[in-house]
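Here are the chains, one letter per residue:
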Amino acid sequence: MTDFGEILQNIGEFGLFQKVLLLALSFPNFILPIHFASVLFTQSDPERHCNTDWILQADSNLTKDEQLNLTLPWEEDGTFSRCQMFVPVDWDIGAIRMYGLNETTGCQNGWVYSNTLYKATIVTDFDLVCQHANLLQMAQTVFMAGILVGSLLFGPIAQSFGRKRGTQIPVIVILIFSVTTGLCPNFYLYLASQFMLGIGHGGYPVNSVILATEWIGVSRRSWGACVTHEVMAVGQFLLAGVIYFIRDWRLTQLLTAAPLAVVAIYIWFIPESARWLLKRGRTEEAEQLITKVAAINKRTVSESLLEMIVEKETKKNGSVTILIQSSVLRKYFFTIIFAWFTVDVTYYCLSFSMGNFGFDVFLTQLMFGLTEVPAHILCIWLLEALGRKVSLISALLIGGFLCTLILAPESNAVAVTVLATSARFFMNVAVSTCVVYIQELFPTSFRQTATGLGAITSKFGGLLSPLLNMLAVYHWSIPTIVFSSLPLISGALCFLLPETRRKELPDSIEQAVGNRNKTTLKIQTLFNWWPAGHIRPRRNLRVAQHT
């Protein structure tokens, strides 16, 4: 029997095949951020007044000012009411002028909008203002709920039917519902379409990263997650430009369908993970793929190596019983998924709040996108130079500290935007590290399950973020206190994790736990020997082994 790491060393750890595969799987992430346009780029409180064209039936020659004076009540600040109108009456214009209107009601025929940043948003198209203003947060929540369900649904699909199917199906779902979202005639169909679009978003990114990572050797493994997130960061940068020039959420949704149609074609030619095939006992298919990959990378794979490829032991499957069996893996699992949850809560709270920073929304999004690009480039270097553990702890603690500074009473719009942008920079480093880390901590039989559960937990954090931001109605600082505290707590807990840099992906529970044993052995070496070279008492050795 031969390990898959040895196979990759022979056929090329990061050759032409892996590079093309990684770029092909990463490209859709360039488009995915644009789908956030309909819930991010909105004016939650645009200039408006009730539609009162009913009075034109009494006199069609009324000027705009006359119409508003006769049909709208005044606010205390001297402006027309934005949510109230006088109750329509069946009088002639003379009676209306003489007696005036006094009874008020909510807007009965929609609103008229003015001085808006955009040509069309879901707020203006579906009238999400006044008593319906909270429906904007509902739209954000429904989209994040779809992402959560997608992570829950496509994780088992990728585990049972292959990493390939786990990436292909979400692409088709995203393509279909990108079109339907842009064509929705009412808000409720929009919510249903956004939910389905979110399902596709929840399934594709994680499964595509796993498929790419399982084909990449130990020396370049961090590239799988970091390049994927780098492409997504470029998409964030593109998002600001697209919305600035188009400013129509429907057209933006429809424009994404063209490149997604190209992805939907070539995604069917993406190869399956040979590592997954071997674990499922499909050795012949794995051998054929390995031979093809070796040819693409201009390597030769020996017959003796192919003969050594045998079916791995499958008695221990990828169920959560692995966590029940191993307290060490259970500790790793809950620590890393809490870190991933924390990152998503903080990231999306900052993203959904960018319109409230008091700074230009386009410039804020541009800054967000520009800082994400170097964040993921830096992450590649950090993961290899400093390791996974130090990188994750540092990113969480620094990011949490920067979020805490937003609470400073002297902060102005520029300072808050800079702090939020810097915090997102470190959250981007943290999320790439989490995706790499969780795959290296657990064996092949549980890797997809662990990553899927981690993605579900993280997306649950994203689902909570718009709800958390709604707590600002009680006090503006509540959301910031919560999402700045979580990274600090999680960063401290990550000291429990082992370092996995430059170690082969574990294929068994024993190999996964071995990462901890090696770390423990180093600690024992330090604490079990006296300076004079004498061994410490046996009871102390036993304590060290259980630390």
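Residues numbered from 1 in each chain as written. Predicted model: local features only at pLDDT ≥ 70, side-chain atom pairs only at ≥ 80, totals over all residues. Heavy atoms only, no water.

## Observations regarding the overall build of the chain
Short version of the rule: In DSSP terms, a helix is any run of H or I states spanning at least four residues, a strand is any run of E spanning at least two, and both are numbered starting from the N terminus. For every residue, the accessible area obtained with a 1.4 Å probe (protein chains only) is divided by the maximum for its type, and the residue is called buried under 20%, exposed over 50%, and partly exposed between those limits. Contacts are residue-level and defined by heavy atoms, with any inter-residue pair within 4.5 Å sufficient. The method behind every accessible area is Shrake-Rupley, applied with a 1.4 Å probe, and residues are considered shielded solely by the protein chains displayed.
A count of helical and extended segments in the chain gives 24 helices and 4 strands. Classification of the 547 residues of the chain by burial places 56% in the buried group. Expressed as a percentage of contacts within the chain between residues at least 6 apart in sequence, the contacts between residues at least 24 apart total 80%. Summed over its atoms, the accessible surface of the chain is roughly 23700 Å², and 63% of this surface lies on carbon and sulfur atoms.

## Let's talk about the state of the cysteines
Where we set the bar: Note on terminology: disulfide denotes any pair of cysteine sulfur atoms within 2.5 Å.
By the definition in use, this model includes 2 disulfides. The disulfide partner of Cys 50 is Cys 107, and the gap between their sulfur atoms is 1.7 Å. Taking the torsion about the sulfur-sulfur bond, which here is approximately -65 degrees, the covalent link between Cys 50 and Cys 107 counts as left-handed. Within this pair, whereas Cys 50 is found in strand β1 (residues 47-50), its partner Cys 107 is found in the loop between β3 (104-106) and β4 (111-114), the two being separated by 57 residues in sequence. With relative accessibility at 0%, the residue Cys 50 sits in the buried group.

## Some remarks on the pattern of salt bridges
Quick reminder of the rule: What makes a salt bridge here is a side-chain nitrogen of Lys or Arg within 4 Å of a carboxyl oxygen of Asp or Glu, nothing more.
In this structure the tally under the stated criterion is 6 salt bridges. Of the charged contacts, one joins Arg 163 and Glu 214 as a salt bridge, the two residues approaching to 2.8 Å between their closest N and O atoms. Taken together, the residues span a long stretch of sequence, with Arg 163 in helix α8 (residues 163-183) and Glu 214 in the loop between α9 (187-213) and α10 (222-246) at a distance of 51 residues. The two residues Arg 163 and Glu 214 agree in class, both being buried. Within this structure, Glu 384, Arg 388 and Glu 440 form a network of salt bridges that share partners.

## Some thoughts on α10
The line we're drawing: One fewer than the residue count of a helix, multiplied by 1.5 Å, yields its expected span.
With 25 residues, α10 extends 36 Å from end C-alpha to end C-alpha; this agrees with the ideal 36 Å at 1.5 Å per step. The positive-phi residue at the C-terminal boundary of α10 is Arg 247, with phi of around 60 degrees.

## Considerations on the environment of Phe 338
By secondary structure assignment, the location of Phe 338 is in helix α17 (residues 327-352). Note on Phe 338: relative accessible area 25%, which makes it partly exposed. When the C-alpha positions of Phe 338 and Leu 493 are compared, they lie 9.0 Å apart, and in sequence the two are 155 residues distant. Not counting chain neighbours up to four residues away, the residues in contact with Phe 338 comprise Leu 486, Ile 489, Ser 490 and Leu 493.

## A short note on the side chain of Thr 335
Tracing the chain through its elements places Thr 335 in helix α17. Taking the relative accessible area as the measure of exposure, Thr 335 reaches 6% and is therefore buried.

## Topic: unusual backbone geometry
Despite not being glycine, Asp 127 has its phi angle at roughly 55 degrees, a positive value. Positionally, Asp 127 belongs in the loop between α6 (122-126) and α7 (135-161). Phi at Arg 247 takes a positive value of approximately 60 degrees, unusual for a residue other than glycine. One can find Arg 247 in the loop between α10 and α11 (249-255).

## Section: the nonpolar core
To be explicit about the condition: Nonpolar cores were defined as sets of buried Ala, Val, Leu, Ile, Met, Phe, Trp, Tyr and Cys residues, with membership established by side-chain atoms within 4.5 Å.
If you look at the biggest cluster of nonpolar residues, it comprises 82 residues, and the most contacted ones within it are Ile 11, Ile 122, Tyr 190 and Trp 215. Element by element, the count of residues in this core is highest for α7, at 9 residues. Core analysis: the second largest hydrophobic core is formed by 45 residues, Tyr 332, Ile 380, Ile 438 and Cys 494 among them.

## What to know about α9
Going by this rule: Two N or O atoms count as a polar contact when they lie within 3.5 Å, although within protein this holds only if one can serve as hydrogen donor and the other as acceptor, and sequence-adjacent residues are included solely when both atoms are side-chain atoms.
The end-to-end C-alpha separation of α9 is 39 Å, in line with the 39 Å expected for 27 residues at 1.5 Å each. Extensive coverage of α9 is indicated by the burial of 22 of its 27 residues. Its side-chain oxygen placed 3.2 Å from the backbone nitrogen of Tyr 188, Asn 186 serves as the N-cap of α9.

The values reported here are purely geometric and, on their own, carry no functional implication.
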